[in-house]
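Coordinate analysis (summary)
So the chains spell out like this:
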Amino acid sequence: MRHPKGTLDAATHARIDASLKQLKTCARVLQPVIVTFSDELHILRRLLYKAKNEHRASLFWRHATEMRRYAVRVEQLSLPSLVDSLRYSFFAEGPQQSSKVLKGPWTHFPDKPLVSSVLRRLGDSLTLIRKMHERLARIYQTFAVAMQSGAFIQLILTLAAIASRMSSLVSELADAVHQTSDTVQDIFVSLHQPLVASQSDSRKSQVCDHRRDVPASVHDDADVGVPISREDHLPTRYDSENASHTERNTVVKRTSEPIRHKSKKKRKRDEIDDIFG
């Protein structure tokens, strides 16, 4: 989905302009490298097709097929088309998108998922390209060792030349993809980081406005309690001495009083007591 340019912060327009110009330069670098790489892959396919019945069981043939497998994967990435799709997303949708549209000023900008998906694909492509560059170096060494025997020297020499040429192209392609990935990263930050910052600023302003709207009576009429004077309740030294002296006198008085035993009342004798004595 695309959004009009007017809905974007005007402060980011200059940064996006510079990033789109850099992205155009990256697309121009990628296109000839991919075309030359496709030509080398076409030659490799023809060689493998003609000699597969004769050299299928050879060791160098396995490395040649591995080189073709990596080359096919890199070609299927369609890196120029991927970069152009991102560039077209900054312009209005039309029935047919042509290169003439890219010459004018950008009028729209894409959503976050589109830019992030392009950035993720560029990262995966860079990983594959670097892995292929590493494997091509080992494959070339294998071809160099196989040439020492002198058997099938013309075929192995041609395969070694293709491996060397592809390694050089893959190195250039890795640099171009890395630069393209950095440019897309700048576009991603320019498009979506100001939106996040503006949302956080709006939330802070809402909180401040809410605090300002609270009436002052809520804070002024709050019950803060009655101040308590601690001096009235703290016992002095004189009071403590009087209290201890009073307690001692009470104890002495209680101990000095004689203990009085209550005399038991004599029960009156009745007739039954007189009978039994």
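Residues numbered from 1 in each chain as written. Predicted model: local features only at pLDDT ≥ 70, side-chain atom pairs only at ≥ 80, totals over all residues. Heavy atoms only, no water.

Describing the environment of Ser 168
This is how the line gets drawn: A run of H or I in DSSP counts as a helix once it spans at least four residues, and a run of E counts as a strand once it spans at least two, with each numbered from the N terminus. Working definition: with a 1.4 Å probe on protein chains only, accessible area under 20% of the residue-type maximum means buried, over 50% means exposed, and in between means partly exposed.
As for its placement among the helices and strands, Ser 168 is situated in helix 5 (residues 153-213). Ser 168 sits in the partly exposed class, given a relative accessible area of 31%. Here the alpha-carbon distance between Ser 168 and His 133, two residues 35 residues apart in the chain, equals 8.5 Å.

Observations concerning the packing of aromatic side chains
Both the distance between ring centres and the angle between the ring planes are used here to describe each pair of aromatic rings. Filter applied, for reference: In this scheme Phe, Tyr and Trp rings, the latter by its six-membered ring, pair at centre separations within 6.5 Å, and the angle between planes marks the pair as stacked below 30 degrees, edge-to-face above 60, and tilted otherwise. Sitting over a ring, as applied to charges here, requires NZ of Lys or CZ of Arg to be within 6 Å of the ring centre and within 35 degrees of the ring normal.
Under the defined criterion, the tally for this structure stands at 3 aromatic pairs. Judged by centre distance (6.4 Å) and plane angle (80°), the rings of Phe 60 and Trp 61 are edge-to-face. Trp 61 carries the same exposure label as Phe 60, and that label is buried. Overall, Phe 60 belongs to the buried group, its relative accessible area being 8%. Between the NZ or CZ atom of Lys 5 and the centre of the ring of Trp 106, over which it lies, the distance is 4.4 Å.

Details of the nonpolar core
Note on soluble globular proteins: their nonpolar side chains tend to be buried together. Our working definition: Put simply, buried Ala, Val, Leu, Ile, Met, Phe, Trp, Tyr and Cys residues joined by side-chain atoms within 4.5 Å make one nonpolar core.
By size, the foremost hydrophobic cluster in this structure holds 61 residues, and its most contacted members are Met 67, Phe 90, Met 132, Phe 143, Met 166 and Leu 173. Elements represented by at least two residues in this core include exactly helix 1 (13-55), helix 2 (59-76), helix 3 (79-88), helix 4 (112-146) and helix 5. At 17 residues, the largest contribution of residues to this core is made by helix 5.

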